[in-house]
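What follows is the residue order along each chain.
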Amino acid sequence: MTGTPPDSYGWNDGMPVSLLEKLRADLKHAMKSGNTAVRDAIRQVMGEYPRLTVPLTLESGKKSFRVKRPEEITDQDLLDLIKGLVKSEKIVLEVKKEVTSPYLEILQRYLPLPATREEIATWIGGHVDLAGLKSPQQAMGPIMKHFGKRADGNLVREVLQTLCARP
């Protein structure tokens, strides 16, 4: 991965490497190429690793925890950390009355693309019988289960209301 061009920073679950490996490779490349924005963003993510813990019960029965070892860190752990950093950055940008920042754009390259309105509507059309439901909200469960964290609940609700409003 050392020869990775700068515009290939980022990750998706279709890649043959784990998110942890990709972050390490991208950090190494960013440091070699002098890309301080990417380097700093990845270091910020790595600085959050101590928040990834495993619960323990000590011999005395007391509950405790330990930090996960690198081999125990899952892609989902890292995605959750990055989502938290994205959420924090969006709050900061909102206060500053700004829309985006280089830091936010770099972090978002490591997150899966969110489901689009069209993607959600297409899936609903092929998998959910809206006529058989008392309320469109009853379809929320299966839809959210299918899309997982890729779908925003508010967007799904809007799509459902739009589809149910059609004659």
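As the structure is a prediction and not an experimental result, all values here were calculated from the model.

A.B. asks: Explain the overall build of the chain to me, please; I cannot follow it from the model alone.
C.D. replies: From N to C terminus, the chain includes seven helices and two strands. Starting at the N terminus and walking to the C terminus, you meet the elements of the chain as α-α-β-β-α-α-α-α-α. In terms of overall dimensions, the chain has C-alpha extents of about 60 × 50 × 40 Å along its principal axes. The buried share of the chain, reckoned over its 167 residues, is 32%. Long-range contacts, defined here as pairs at least 24 residues apart, represent 52% of the contacts in the chain between residues at least 6 apart. When the accessible surface of the chain is totalled, it reaches about 10,700 Å², and 56% of it is carbon and sulfur. The averaged location of the 21 negative side-chain charges in the chain is 3 Å from the averaged location of its 25 positive side-chain charges.

A.B. asks: I would appreciate a short explanation of the environment of E105 in the present structure.
C.D. replies: For E105, the position within the fold is in helix α4 (residues 102-108). Between the C-alpha atom of E105 and that of L27, which follows or precedes it by 78 residues, the distance is 16 Å. Polar contacts involving the side chain of E105 include one to the side chain of T100, which spans 3.3 Å.

A.B. asks: I would appreciate a short explanation of the nonpolar core in the present structure.
C.D. replies: Judged by nonpolar contacts, the single largest core of 27 residues is most densely connected at L19, L23, Y49, L78, I82 and Y110. Within the residue set of this core, elements represented by two or more residues are α1 (19-33), α2 (36-47), α3 (75-96) and α4. It is α3 that provides the largest number of residues to this core, a total of seven residues. For Y110, the residues in contact, after removing those within four places along its chain, are Y9, G10, W11, L19, K22, L23, D26, I42, L79 and I82. By size, the runner-up hydrophobic cluster in this structure holds 15 residues, among which are A115, I120, W123 and F147.

A.B. asks: I keep staring at unusual backbone geometry and nothing clicks. Help me out?
C.D. replies: Note: most residues except glycine have negative phi, and most peptide bonds are trans. A positive phi is found at K97, a non-glycine position, where the angle reads about 60 degrees. Here K97 shows up in the loop between α3 and α4. With relative accessibility at 75%, the residue K97 sits in the exposed group.

A.B. asks: For this particular structure, what's the right way to read the confidence of the model for the chain?
C.D. replies: Any segment with low pLDDT has predicted coordinates that should not be analysed in fine detail. Of the residues in the chain, 95% reach a pLDDT of 70 or more, and the chain-wide mean stands at 88. Segment residues 1-6 is flagged for pLDDT under 50; beyond a separation of four residues in sequence, or across chains, it makes 11 contacts in the model.

A.B. asks: Help me out: how do you make sense of α3 in this one?
C.D. replies: Here α3 spans 31 Å end to end across 22 residues, near enough to the 32 Å set by a 1.5 Å rise per residue. Of all the positions in α3, only D77, L78, L79, L81, I82, L85, V86, E89 and L93 are classed as buried. Structurally, α3 contributes buried residues whose contacts are with α1, α2 and α4. K97 lies just past α3 and shows a positive phi near 60 degrees.

What counts as what
Residues numbered from 1 in each chain as written. Predicted model: local features only at pLDDT ≥ 70, side-chain atom pairs only at ≥ 80, totals over all residues. Heavy atoms only, no water. Helix = DSSP H or I, 4+ residues; strand = E, 2+ residues; numbered from the N terminus. Buried < 20%, exposed > 50% of the residue type's maximum accessible area, 1.4 Å probe, protein only. Contact = heavy atoms within 4.5 Å. Areas by Shrake-Rupley, 256 points an atom, 1.4 Å probe, with all protein chains shown as cover. Lys, Arg positive; Asp, Glu negative; His and termini not counted. Charge placed at Lys NZ, Arg CZ, Asp CG, Glu CD. Polar contact = N/O pair within 3.5 Å; in protein donor to acceptor, adjacent residues only side chain to side chain. Core = buried A, V, L, I, M, F, W, Y, C linked by side-chain atoms within 4.5 Å. pLDDT = per-residue confidence, 0-100. Expected span 1.5 Å × (residues − 1).

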